[in-house]
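Spelled out from the first residue to the last, the chains are:
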Amino acid sequence: MKRAELRLFGRYGTTHCYNRPQFVVIEPTTKCNLSCIWCARPYRNYPIRDMSVSDFQGIIQQIGYVREIVPFGFGEPLLHTKIDKIISLASENADYTWINSNGILLDQKMTRSLDSSGLTELALSIDSPDPEIFNQIRKGADLDKIKENARYFTDHSTIPLRIHAVLSALTLDSSLNLPMMAHELGANKLTFNILHPTSDKNLMPNPQKLLHTCEKLHRLCLEFELKTDIAEILKKQSINLCKVPLFSTFIDSEGYMTPCCNYPQFRLGNVLDKGFEECWNAEETRRFRKRVLSGDFPEWCQTVCLSVRHLISTAHA
């Protein structure tokens, strides 16, 4: 219904959402075993904690059955001691459930646990197949061990493996070897996002080089028969309208709803205290939707998301 309304009225559509969100991210933990150079965790002055299984269950019961639930946030999900139970609860309430991991804890025991959890897909973050660059980004991580874990996972699990990488000035050149590595690890998909400019500005990729690299990556993914979203990066994107807060939501480990996973510090109400329905269409939530529908984006949105869209537009110019 909401999509039909937007097709008819565009930015003049109502800010009330009759629909449930189609894409729901619920953060099971803020704990992490790495400190990556472009991690967004420093922007969140929140406690290091796990969400309890009972709180997670209470939230998804309020939301109801949706298309996609992602039990993942700004921590390493495999650090949660009950992550298999959390995934099972998510998979019972969604068509598709996936998590993103750094792969350090993906040992044989964890592989068996995930395989029986109902997980639809596992994504591993490997930004570069070059060990030196990888260790520069993820200090303390062992790329060889992560690759060993990934191979065991694809050999012994029925869950599809996806490799996910961040494209930056540091990784563009070596990223061209990612399709071969993903193929060798038994992954069936390779996805990307462009580095958000809240990090070191010197790490932002050159627009033209980014475009040319993406074109090469698209051909390589086809060559290695990998599914990929790289074509989305090659498309020109609208910088005047954002529909994300109408169809998705991010709920942090304390139960606070935020507009999207890129804006975790803007809290719209606590689902555990006020209930999902009240937060989903609260006055502040609708006020935020009105801003992004009208193109009056908050400074954080301009810095994080719109600057990336501008970068893509510049590449196409």
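Residues numbered from 1 in each chain as written. Predicted model: local features only at pLDDT ≥ 70, side-chain atom pairs only at ≥ 80, totals over all residues. Heavy atoms only, no water.

Caption draft 1: The arrangement of the overall build of the chain in detail. Helix and strand counts for the chain stand at 15 helices and 9 strands. Rg of the C-alpha trace for the chain: 19 Å, near the compact-globule value of 20 Å for 317 residues, within the 12% margin. For the chain, the C-alpha atoms occupy an extent of roughly 50 × 50 × 35 Å along the three principal directions. Looking at the chain as a whole, 51% of its 317 residues are labelled buried. Across the chain, every contact between residues at least 6 apart in sequence was considered, and the portion connecting residues at least 24 apart equals 73%. Total accessible area on the chain is roughly 14600 Å²; 50% of this is exposed by carbon and sulfur atoms. In the chain, which carries 37 positive and 36 negative side-chain charges, the distance between the mean positions of the two groups comes to 6 Å. (Helix = DSSP H or I, 4+ residues; strand = E, 2+ residues; numbered from the N terminus. Rg over C-alpha atoms; globule rule 2.2 N^0.38 Å. Buried < 20%, exposed > 50% of the residue type's maximum accessible area, 1.4 Å probe, protein only. Contact = heavy atoms within 4.5 Å. Areas by Shrake-Rupley, 256 points an atom, 1.4 Å probe, with all protein chains shown as cover. Lys, Arg positive; Asp, Glu negative; His and termini not counted. Charge placed at Lys NZ, Arg CZ, Asp CG, Glu CD.)

Caption draft 2: Layout of the packing of aromatic side chains. Evaluated as defined, the whole model comprises 3 aromatic pairs. Relative to Phe288, the ring of Phe266 has its centre 5.4 Å away and its plane inclined at 55°; by these criteria the two rings are tilted. Here the residue Phe266 occupies a position in the loop between strand E9 (257-258) and helix H12 (271-274), and Phe288 occupies one in helix H14 (residues 283-294), the gap between them amounting to 22 residues. Above the face of the Tyr256 ring, Arg267 is positioned so that its terminal group lies 3.9 Å from the ring centre. (Phe/Tyr/Trp six-rings, centres within 6.5 Å; stacked < 30°, edge-to-face > 60°. Lys NZ or Arg CZ within 6 Å of the ring centre and 35° of its normal.)

Caption draft 3: Here's a closer look at the pattern of salt bridges. Applying the stated rule across the entire model yields 11 salt bridges. A salt bridge links Glu254 to Arg267, with the shortest nitrogen-to-oxygen separation between them at 2.6 Å. Placement of Glu254 in the loop between strand E8 (248-251) and E9 and of Arg267 in the loop between E9 and H12 is noted, with a sequence separation of 13 residues between them. In this structure Arg267 comes out as partly exposed when scored by relative accessible area, which is 23%. Here Arg291 makes a salt bridge to Asp296, at a shortest N to O gap of 3.3 Å. Residue classification places Arg291 among the partly exposed residues on the basis of a relative accessible area of 32%. Under the relative-accessibility criterion, Asp296 is labelled partly exposed at 41%. One salt-bridge network, in which partners are shared between bridges, spans Glu121, Arg162 and Lys189. (Salt bridge = Lys/Arg side-chain N within 4 Å of Asp/Glu carboxyl O.)

Caption draft 4: How the structure looks around the packing of helix H4 (residues 108-115) against helix H6 (residues 143-156). It is at 10 Å that the axes of H4 and H6 come closest, and there the two elements cross at 40°. By the angle between their directions, the pair H4 and H6 is classed as oblique. Crossing of H4 against H6: the hand is right-handed. Between H4 and H6, the residues in contact are Gln108, Thr111, Arg112, Leu114 and Asp115 and Tyr152, Phe153 and His156, respectively. Broken down by class, the residue content of the contact of H4 with H6 amounts to 3 nonpolar, 3 polar and 2 charged. (Axes fitted to C-alpha atoms, helices over the stretch in contact; angles between N-to-C directions. Parallel < 35°, antiparallel > 145°, perpendicular 65-115°, else oblique. Left-handed = near helix turned anticlockwise from the far one by under 90°. Nonpolar A, V, L, I, M, F, W, Y, C, P; charged D, E, K, R; others polar.)

Caption draft 5: Spotlight on the sheet that holds strand E3 (residues 94-101). In spatial order, the strands read E7-E6-E5-E4-E3-E2-E1-E8-E9; together these 9 strands make up an open sheet with mixed pairing. Looking at the sheet topology across the chains shown, the edges are occupied by strand E7 (227-228) and E9. The strands touched by helix H3 (residues 83-91) are strand E2 (66-70) and E3; relative to E3, the strand with the most contacts, the crossing angle is about 150°. (Pairing = 2+ DSSP bridges.)

Caption draft 6: Quick look at the environment of Ile60. Tracing the backbone through its elements, the reader meets Ile60 in helix H2 (residues 53-63). According to the relative accessible area criterion, Ile60 is buried, its value standing at 1%. Sequence separation between Ile60 and Leu78 is 18 residues; the distance between their C-alpha atoms is 20 Å. Excluding residues within four positions of it along the chain, Ile60 makes contact with Ile26, Ile69, Leu89, Ala90 and Asn93.

Caption draft 7: Structural view of the side chain of His80. As for its position among the elements, His80 is in the loop between E2 and H3. Look at His80 and you get buried, because its relative accessible area is 5%. Those residues in contact with His80 that sit more than four places away from it in its chain are Pro28, Thr29, Asp50, Met51 and Ile86.

Caption draft 8: Representation of the environment of Ala94. Take Ala94: it is sitting in strand E3. Exposure remark for Ala94: the relative accessible area of 5% places this residue in the buried category. Considering only alpha carbons, one finds Ala94 and Arg287, 193 residues apart in sequence, at a separation of 28 Å. Apart from the residues within four sequence positions on either side, Ala94 is in contact with Tyr65, Val66, Arg67, Glu68 and Ile69.

Caption draft 9: Fine view of H2. Of all the positions in H2, only Phe56, Ile59, Ile60 and Ile63 are classed as buried. In a view along the axis of H2, the buried residues occupy a sector of 90°, so they form one face of it. Across H2 from its buried face, at more than 90 degrees, point the exposed residues Ser54 and Gln61. Among the structural elements, strand E1 (23-26), E2, H3, E8, H12 and helix H13 (276-280) are those in contact with the buried residues of H2. Gly64 occupies a position one or two residues after H2 and carries a positive phi of about 90°. (Arc of directions from axis to C-beta.)

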